[in-house]
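# Summary of structural features
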Amino acid sequence: MLQLASMEFATPKLVRLDFNDLKQFEQVSDRYRHLGVGFSGAIALQPSNPAFPNKSGSFVLMPMGNLMSLSAYFYKPIGWAGALVCSSRIVVLAAYDKEGNFLGQTSTIGKSSNLEDREEESTSQQLQLNFPNIVKLEFYSCLPFTLDDFFFALLA
């Protein structure tokens, strides 16, 4: 008689952050630890420049100071994550495992790289990556950018 082993499958839980619970100029690090993610190099802003529209709510994340990158750290490995980014230049999203090994990357579709052209508007584009065992995401660009509607899937 054939017996089938009882198999349990983990159900992914989607987590989406719109950053509306933050305050203007709040440095974001362990604020979302209870959801399984921390940030480095990120500050909350309420964009006043119409060239950087936000999709949901009032607040977005932006790299702090003169930095052109911000990172998200997951306390348990995940397999899928992303965000809506807004910039007038290319924004790259890269993923790393717990040993710091590069897993892969994606980027927005950029406009002209002619830095003399100041008439270009920013565009919002969704970036996402799907790799097993992601523990760090890094968003970076050569010019300022905003990050909104950050999402990832936890295995419950």
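Quick note: structure is the one above.
Predicted, not measured: the structure shown is a model, and the values here were computed from it.

## Details of the overall build of the protein chain
Within the protein chain, the secondary structure is distributed over 0 helices and 10 strands. Its helices and strands in sequence order give the protein chain the pattern β-β-β-β-β-β-β-β-β-β, from N to C terminus. Out of the 156 residues belonging to the protein chain, those deemed buried represent 43%. Sequence-distant contacts in the protein chain: of pairs separated by 6 or more residues, those separated by 24 or more amount to 71%. Carbon and sulfur atoms make up 53% of the accessible area of the protein chain, which amounts to about 9,200 Å² in all.

## So, unusual backbone geometry
Among all residues save glycine, negative phi is the norm, and among peptide bonds the norm is trans. Located in the positive-phi region is Phe19, a residue other than glycine, with phi close to 65°. Checked against the element boundaries, Phe19 lands in the loop between strand S1 (12–17) and strand S2 (27–28). Looking at Phe19, the relative accessible area reads 1%, which means it is buried.

## What to know about the environment of Leu155
Considering the arrangement of structural elements, one finds Leu155 in strand S10 (residues 146–155). In this structure Leu155 comes out as exposed when scored by relative accessible area, which is 66%. Residues Leu155 and Leu14 lie 141 residues apart in sequence; the distance between their C-alpha atoms is 8.8 Å.

## With respect to the nonpolar core
Within soluble globular proteins, side chains that are nonpolar generally end up buried alongside one another. Core analysis: the largest hydrophobic core is formed by 32 residues, its most contacted members being Phe19, Phe39, Leu61, Phe74, Leu137, Phe139 and Phe150. Among the secondary structure elements, those contributing two or more residues to this core are S1, strand S3 (37–40), strand S4 (42–45), strand S6 (69–87), strand S7 (91–96), strand S9 (123–141) and S10. The element best represented in this core is S6, accounting for 7 residues. The residues touching Phe74, leaving out its near neighbours within four places in the chain, are Gly36, Val37, Ala81, Ile134, Val135, Lys136, Leu137, Phe150 and Phe152.

## Quick notes on the environment of Ile90
Take Ile90: it is sitting in the loop between S6 and S7. Along the chain, Ile90 and Leu143 lie 53 residues apart, while their C-alpha atoms are 8.5 Å from each other.

Basis of the calculations
- Residues numbered from 1 in each chain as written.
- Predicted model: local features only at pLDDT ≥ 70, side-chain atom pairs only at ≥ 80, totals over all residues.
- Heavy atoms only, no water.
- Helix = DSSP H or I, 4+ residues; strand = E, 2+ residues; numbered from the N terminus.
- Buried < 20%, exposed > 50% of the residue type's maximum accessible area, 1.4 Å probe, protein only.
- Contact = heavy atoms within 4.5 Å.
- Areas by Shrake-Rupley, 256 points an atom, 1.4 Å probe, with all protein chains shown as cover.
- Core = buried A, V, L, I, M, F, W, Y, C linked by side-chain atoms within 4.5 Å.

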